[in-house]
Amino acid sequence: MKKIINDPATVVADSLAGLAAAHPDLVRVEYDPDVVVRADSPARGVSIISGGGSGHEPLHVGFVGPGMLHGAVPGAVFTSPTPDAVQAAISATTGDAGALLVVKNYTGDVLNFETAAELASAEGLDVRTVVIDDDVAVADSTFTAGRRGVGGTVLLEKIVGAAAERGDDLDAVEAVARRVVENVRSIGVALTAPTVPHVGEPSFELGDDEVEFGIGIHGEPGRERRPVEPASELVGRMVAAVADDLPLESGDEVLLFTNSMGGTPLLETYLAHGIGERALADRGVTVVRRLVGPYITSLEMQGISLTILRMDEEMTELWDAPVRTPALRWGL
Amino acid sequence: MKKIINDPATVVADSLAGLAAAHPDLVRVEYDPDVVVRADSPARGVSIISGGGSGHEPLHVGFVGPGMLHGAVPGAVFTSPTPDAVQAAISATTGDAGALLVVKNYTGDVLNFETAAELASAEGLDVRTVVIDDDVAVADSTFTAGRRGVGGTVLLEKIVGAAAERGDDLDAVEAVARRVVENVRSIGVALTAPTVPHVGEPSFELGDDEVEFGIGIHGEPGRERRPVEPASELVGRMVAAVADDLPLESGDEVLLFTNSMGGTPLLETYLAHGIGERALADRGVTVVRRLVGPYITSLEMQGISLTILRMDEEMTELWDAPVRTPALRWGL
Amino acid sequence: MGRSGQDTGSALGAVMGCTANDVAAALRAAADTMAEHRGELTDLDRPIGDADHGENLNRGFTALAGALSEAVPDTPGAVLKLAATTLISKVGGAAGPLYGTAFLRAATAVGQAEELTEATVKAALRAGLDGVVARGKAEVGDATMVDALAPAVEAAEAVDDGGVAAVLAAAADAAERGAESTTPLVARKGRASYLGERSVGHLDPGARSTALLLRTFAEVER
Amino acid sequence: MGRSGQDTGSALGAVMGCTANDVAAALRAAADTMAEHRGELTDLDRPIGDADHGENLNRGFTALAGALSEAVPDTPGAVLKLAATTLISKVGGAAGPLYGTAFLRAATAVGQAEELTEATVKAALRAGLDGVVARGKAEVGDATMVDALAPAVEAAEAVDDGGVAAVLAAAADAAERGAESTTPLVARKGRASYLGERSVGHLDPGARSTALLLRTFAEVER
Ligand SMILES: Nc1ncnc2c1ncn2[C@@H]1O[C@H](COP(=O)(O)OP(=O)(O)O)[C@@H](O)[C@H]1O
Ligand SMILES: Nc1ncnc2c1ncn2[C@@H]1O[C@H](COP(=O)(O)OP(=O)(O)O)[C@@H](O)[C@H]1O
Ligand SMILES: [Mg+2]
Ligand SMILES: [Mg+2]
Ligand SMILES: [Mg+2]
Ligand SMILES: [Mg+2]
């Protein structure tokens with residue numbers, strides 16, 4: 001394992017120190033428990049908090065700032081943070097208007113965030129959770145842990161962040177959050193495996209001519225292992241998986257988010273995006289907004305994910321609203 | 001070689017198609033010769049144009065837009081574009097105020113851009129070139145090809161773009177460009193090699209416990225091959241190489257740009273940035289601005305580069321000015 | 001949980017209740033068990049999870065032993081509550097909140113009593129199970145720690161007037177059988193559930209750690 | 001560049017000038033040479049450059065042959081100018097503008113003349129060299145194409161009244177020796193210069209392609 005780190009045990013804290021140094025105008029970092037909060041003191045509307053294991057940067061710590069998250073709770077690499085860290089983020093940011101916790105659907109994340117929410121509620125705060133489970137690679141069922149939360153998380157955080165920023169109350173923020181969750185789906189594909197620092201070995205083996213179709217963001221297995229194919233076929237297959245699941249219909253308006261899993265360069269990510277746009281056009285679907293780049297990654301894993309969000313007028317307005325965070329910024 | 005592409009021969013055009021689809025509000029792409037220009041029709045001040053081989057994205061095509069580049073000329077991967085492509089960008093964007101071509105110091109780039117500049121001058125346009133050669137890894141001498149242009153290019157393009165945007169004339173834009181070139185230095189380090197699509201093999205071999213110190217952005221050799229070391233030592237060594245070359249003195253104010261070469265995740269890039277900030281503080285140098293992320297890459301190569309620009313008041317003002325491009329955006 | 005300071009022997013333990021010190025001793029023993037079985041639990045979590053269950057529990061119980069070495073709270077309920085909060089804040093992952101909730105509910109169930117009796121131990125076990133199920137929504141057969149804990153609670157409740165020692169011994173036996181039963185199952189909760197059919201043939205790490213915990217409590221109470 | 005349409009033989013070629021068609025024929029032959037030596041030139045560029053010199057030149061000369069097959073311009077100067085613009089727009093890298101400039105300056109040197117003579121061929125070669133040096137600022141000994149072209153121009157100018165064929169033959173011989181001379185040198189220009197001492201022991205690809213070009217021109221004029 002070659003990485004630019006000092007010690008696997010301190011990698012998250014060391015990286016947060018760099019984040020804090022790089023963006024003193026946007027974020028403030030507290031350590032042990034590790035929490036990233038806005039550097040400004042926003043008016044006390046609804047607070048939007050998210051978090052989860054580290055290793056998916058810029059998610060979530062890079063999305064703290066006006067128009068998006070009020071607080072982010074980074075766990076160890078690929079490990080959910082504990083409730084006390086979530087509670088620290090709640091205490092640091094939440095007032096009478098309450099807080100919405102954006103939680104990716106992994107048992108550990110769900111349980112730790114719910115525990116924190118309960119403890120906060122016990123202290124009289126109105127804290128609710130929305131669980132995002134947009135990964136179509138995993139069979140869904142109420143009898144299982146359900147689908148994983150992946151790329152849709154980025155779009156959800158932007159949109160609810162904008163709703164909170166414009167002053168919506170917690171009911172309204174929660175309602176738009178649920179609408180996003182209902183209308184967003186994703187699929188990922190991996191060309192290589194990530195290496196968790198404290199493990200030191202790649203998380204899985206993949207042949208020189210294979211891709212893992214339906215990969216999760218921690219290198220969890222997907223639908224199937226397939227031979228490498230030209231980008232047009234691979235991306236076409238990804239669009240079909242997502243569009244069929246939503247399902248998308250001719251005339252729908254969507255946001256297309258083409259995400260690099262970390263190790264895939266922008267050259268290829270844009271290339272994939274172009275194919276995705278054409279595949280959607282072929283289905284009569286109109287892409288009205290787009291996001292392209294490494295926004296929810298899996299360390300240095302090579303691969304991409306596609307996320308499609310069916311848009312309505314309000315979501316579009318909230319997407320366009322100004323945002324000012326380390327990783328996503330416009331209008332400010 | 002596993003990549004998300006259709007055909008090595010069409011990878012640049014295919015990727016540009018995705019860029020155009022992703023940012024219809026910001027850029028317009030012309031093909032054959034391939035040129036990326038601003039989607040708006042800016043008032044005809046000085047035009048800022050850059051370009052070079054592809055594979056370094058977002059450089060240069062991701063920096064087209066208000067406040068930065070008017071045109072970018074992407075060559076084949078790691079191959080300088082030909083003068084007719086540069087000429088096309090000049091014709092598409094340049095009026096009476098003239099144009100400044102930002103050229104990285106590689107013989108091929110310099111010759112092809114200078115040829116285009118001469119041809120444009122012959123047609124009565126005032127077209128000048130500024131050559132950026134900030135890589136301290138290569139020994140400088142007027143008897144050699146000189147230092148390579150690397151990370152400083154990003155900062156140069158932002159700053160001259162802002163000067164052009166506020167209406168500076170070509171003399172003034174050129175003057176600030178030369179001031180940036182004089183005050184900026186960089187060093188890179190690689191953990192892995194990039195794979196050029198039409199070559200299909202990694203550009204060099206590196207042991208499991210080795211880094212290439214002083215790497216170029218095409219995987220050219222650097223100063224030395226060294227054993228892997230903790231990030232604090234590696235980054236300390238990088239800061240020293242740049243700071244000693246400038247040379248930096250206690251009391252200097254600088255912009256610190258910590259760049260991922262593509263395959264290194266943000267977690268590590270921020271970690272390195274934090275170390276860089278502390279190393280500069282130890283030298284009594286004040287970091288007044290910073291940029292962290294993958295901005296000048298070498299395909300999927302893992303590694304980072306550090307760029308330090310000694311700032312003055314005008315450069316700081318130009319750095320802070322609004323910019324709205326696919327890859328760099330604030331204030332708009 | 002036996003031998004409360006004085007050397008009362010197991011027979012006495014069966015009729016006498018457990019003090020706060022007894023509960024603390026049992027939890028320290030659990031910390032030793034988790035340290036000893038750390039590698040085994042992590043290895044069980046490797047093929048069907050993310051190879052951290054042993055690390056997670058060892059981190060949490062080590063922290064708990066540390067906290068108990070500073071001061072042992074006054075009542076058994078308070079000791080259980082300390083276990084809950086420590087595990088919740090140190091274990092992380094899925095197991096942290098699940099075990100944490102179990103201890104929290106157990107603490108509530110035993111209230112302010114100075115000693116635990118056969119009845120309160122049964123109530124504590126039942127409350128712990130209810131907490132895990134409320135939180136994790138797993139049923140028996142989903143291949144989780146519930147497959148060890150649910151039969152343990154039933155076996156404990158079936159013990160009639162045997163004292164704390166007999167209750168815990170019955171629970172430990174049933175938990176071990178329950179853990180074994182997860183091997184042929186398709187996991188339907190937690191990380192292993194993403195594997196679908198590929199989770200068959202693996203013992204669930206959380207079920208195994210539950211069995212280890214209950215066996216340790218029973219041994220201390222022997 | 002002899003045999004202007006009629007089969008005049010080499011003796012005549014030595015005294016008669018070259019027409020536009022002769023120059024075009026020489027450039028078509030050069031395209032064949034580059035296609036044939038593409039792999040060799042790219043291999044020379046691999047250890048000390050970026051392994052594309054043969055690809056670059058082959059792409060450019062193939063395009064030039066294509067352009068000439070559509071229409072041959074009127075004068076030798078116009079043919080040379082077409083070569084210049086085609087190479088500039090198709091070769092890329094360092095070699096494209098360098099060879100392009102050489103042909104552009106050569107075109108200017110021969111002016112509007114209907115035929116090239118011994119004197120104008122010498123002048124064209126000198127102008128080409130000056131163009132390469134003006135553009136690339138390399139001196140003899142820097143391990144570039146200048147190490148082949150500079151001695152070629154001197155050898156050509158030393159030919160006294162031998163006709164175009166003799167001039168080109170002398171240039172080709174000198175260019176080949178000049179190319180060989182780059183092997184022991186430390187490169188000081190182009191991509192190879194980043195290697196410093198590590199560039200020693202490698203024949204410069206651009207010097208080799210210059211020698212190949214001049215040999216082809218001399219052969220056509222034989
Ligand atoms: N919904 C659930 N209900 C009950 N137990 C669960 C549930 N999800 C997971 N578990 C238990 O947690 C164990 C995994 O714990 P651990 O590895 O520490 O957490 P993580 O899966 O987050 O890495 C599983 O073996 C299983 O017994
Ligand atoms: N400054 C220069 N002056 C003269 N010739 C040069 C110069 N720089 C490079 N060359 C020639 O160009 C050749 C390399 O051409 P090529 O491989 O096509 O371009 P690139 O190096 O851009 O890939 C070198 O072998 C050398 O002969
Ligand atoms: Mg686990
Ligand atoms: Mg885990
Ligand atoms: Mg080359
Ligand atoms: Mg080249």
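Residues numbered from 1 in each chain as written. Chains lettered and ligands numbered in written order. Predicted model: local features only at pLDDT ≥ 70, side-chain atom pairs only at ≥ 80, totals over all residues. Heavy atoms only, no water.

A. Structural context of the overall build of chain A. The secondary structure content of chain A amounts to 8 helices and 14 strands. Taking 20 Å as the expected radius of gyration for a compact globule of 332 residues, we find that chain A reaches 19 Å, a close match to that expectation. Looking at chain A residue by residue over its 332 residues, the buried ones come to 67%. Summed over its atoms, the accessible surface of chain A is roughly 10200 Å², and 47% of this surface lies on carbon and sulfur atoms. In chain A, the 25 positive side-chain charges and the 50 negative ones have mean positions that sit 4 Å from each other. (Helix = DSSP H or I, 4+ residues; strand = E, 2+ residues; numbered from the N terminus. Rg over C-alpha atoms; globule rule 2.2 N^0.38 Å. Buried < 20%, exposed > 50% of the residue type's maximum accessible area, 1.4 Å probe, protein only. Areas by Shrake-Rupley, 256 points an atom, 1.4 Å probe, with all protein chains shown as cover. Lys, Arg positive; Asp, Glu negative; His and termini not counted. Charge placed at Lys NZ, Arg CZ, Asp CG, Glu CD.)

B. The packing of helix α2 (residues 20-48) of chain D against helix α4 (residues 76-90) of chain D, seen in detail. All names here are of chain D. The interhelical angle for the contact between α2 and α4, taken along N-to-C directions, is 30°, at an axis separation of 7 Å. Classified by the angle their axes make, α2 and α4 are roughly parallel. The chirality of how α2 crosses α4 is right-handed. Residue-level inspection shows A20, V23, A24 and L27 of α2 in contact with α4, the latter providing P76, V79, L80 and A83. In the contact of α2 with α4, the residues fall into 8 nonpolar, no polar and no charged. (Axes fitted to C-alpha atoms, helices over the stretch in contact; angles between N-to-C directions. Parallel < 35°, antiparallel > 145°, perpendicular 65-115°, else oblique. Left-handed = near helix turned anticlockwise from the far one by under 90°. Contact = heavy atoms within 4.5 Å. Nonpolar A, V, L, I, M, F, W, Y, C, P; charged D, E, K, R; others polar.)

C. Seen up close, the coordination of the magnesium ion (ligand 3). Residue and element names in this part refer to chain C. Here the magnesium ion (ligand 3) is held by D45 (OD), D50 (OD) and D52 (OD), and the distances to it run 2.1 to 2.2 Å. When the donor residues of the magnesium ion (ligand 3) are listed from N- to C-terminus, their spacing reads D-x4-D-x1-D. In this structure, the magnesium ion (ligand 3) lies 3.6 Å away from the magnesium ion (ligand 4), the two metals sharing D50 as a donor. You can call D50 partly exposed: its relative accessible area is 28%. (Donors = N, O, S within 2.8 Å, 3.2 Å for Na, K, Ca; no water.)

D. Expanded view of the coordination of the magnesium ion (ligand 5). Residues and elements named next belong to chain D. The protein atoms that coordinate the magnesium ion (ligand 5) are D45 (OD), D50 (OD) and D52 (OD), at distances spanning 2.1 to 2.2 Å. Read in sequence order, the donor residues coordinating the magnesium ion (ligand 5) give the pattern D-x4-D-x1-D. In this model, the magnesium ion (ligand 5) sits 3.6 Å from the magnesium ion (ligand 6), the two metals being bridged by D50. Relative accessible area serves as the criterion here: at 14%, D52 is assigned to the buried category.

E. Seen up close, the pairing of strand β10 (residues 253-260) of chain A. Residue and element names in this part refer to chain A. Among the 8 residues that make up β10, 7 are buried, leaving the element largely enclosed by the rest of the structure. Across 7 bridges, β10 lies against strand β11 (residues 286-293) in parallel orientation. Residue pairing across strands places V254 opposite V287, the latter belonging to β11. A crossover links β10 with its parallel partner β11, the connecting element being helix α7 (residues 266-282), and its sense is right-handed. Two elements, β10 and strand β12 (residues 303-310), share 7 bridges in a ladder whose sense is antiparallel. Directly across from F257, in β12, lies its bridge partner T307. (Pairing = 2+ DSSP bridges. Right-handed = clockwise from strand over helix to strand, strands pointing away.)

F. Just the site of ligand 2, in detail. The full set close to ligand 2 counts 21 residues, and D50, D52, A94, G136 and D204 of chain D are the nearest of them. Looking at the residues close to ligand 2, they fall on chains B and D. A distance of 3.0 Å separates an oxygen atom of ligand 2 from a polar side-chain atom of N56 of chain D. Within the backbone of G136 of chain D, one N or O atom sits 2.9 Å away from a nitrogen atom of ligand 2. In isolation ligand 2 exposes 560 Å². Once the protein is present, 96% of that is buried. Among the secondary structure elements, those contributing two or more residues to the shell around ligand 2 are α3 (53-70), α5 (95-110) and α9 (205-220) of chain D. Top element by residues in the shell around ligand 2 is α9 of chain D. It accounts for 3 residues. Looking at the shell around ligand 2, its residues break down into 7 nonpolar, 8 polar and 6 charged. (Near = heavy atom within 4 Å. Polar contact = N/O pair within 3.5 Å; in protein donor to acceptor, adjacent residues only side chain to side chain.)

No statement about biological role is implied by the geometric values presented.
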